[in-house]
Amino acid sequence: MYSTLRYTLESNGTTYENESINASLLVDLITNLELQEYVVLEPSELVEGSMYFQAAALEEPGQVVAEIRLQEGEHGFRHYSYMTADTNVVLQWFLDYWGKQQLPQLESWQDITHELS
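Residues numbered from 1 in each chain as written. Predicted model: local features only at pLDDT ≥ 70, side-chain atom pairs only at ≥ 80, totals over all residues. Heavy atoms only, no water.

Caption draft 1: Summary view of the environment of S81. Mapped onto the elements, S81 comes out in strand β6 (residues 76-84). Using a relative accessible area of 6% as the deciding quantity, one classes S81 as buried. Placed 59 residues apart in sequence, S81 and N22 show a C-alpha to C-alpha distance of 24 Å. Excluding residues within four positions of it along the chain, S81 makes contact with V65, A66, E67, W109, Q110 and I112. (Helix = DSSP H or I, 4+ residues; strand = E, 2+ residues; numbered from the N terminus. Buried < 20%, exposed > 50% of the residue type's maximum accessible area, 1.4 Å probe, protein only. Contact = heavy atoms within 4.5 Å.)

Caption draft 2: Looking closely at the packing of aromatic side chains. Counted under the stated rule, the structure contains seven aromatic pairs. With a centroid separation of 6.2 Å and an interplanar angle of 35°, the aromatic rings of F53 and W109 are classed as tilted. Here F53, found in strand β4 (residues 50-57), pairs with W109, found in the loop between α2 (87-99) and β7 (110-111); they are 56 residues apart in sequence, far enough to count as distant. Residues F53 and W109 agree in their burial class; the two are buried. Taken together, the ring pairs connect Y7, F53, Y82, W93, F94, Y97 and W109 into an aromatic cluster. The residue whose ring lies beneath R69 is F77, and the NZ or CZ to ring-centre distance is 3.7 Å. (Phe/Tyr/Trp six-rings, centres within 6.5 Å; stacked < 30°, edge-to-face > 60°. Lys NZ or Arg CZ within 6 Å of the ring centre and 35° of its normal.)

In structure tokens form, the structure reads like this:
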């Protein structure tokens, strides 16, 4: 299904190409996020309609925000956000997105599309 799928991972100005991305890199980057730091995982093709998946540390210590953007129509998108103190949950979502091409269940996520328009 995704035989040609490749990923690019960007974190705090450093870009990792497909061959350099592995589970231990994701674990290291996501579990050690500090204020103003981020991780963006972008597939070469849409994964279940998603354009990219990202996480960033928030000002409140230990809080992380995960966000995902889904393509909607030809030029539109929906953008969802989830705040948590559980980096293990965020890490699992990243591992599933990268390793299984699987999105998190978005029912409990907040649609923040209107904030970005």
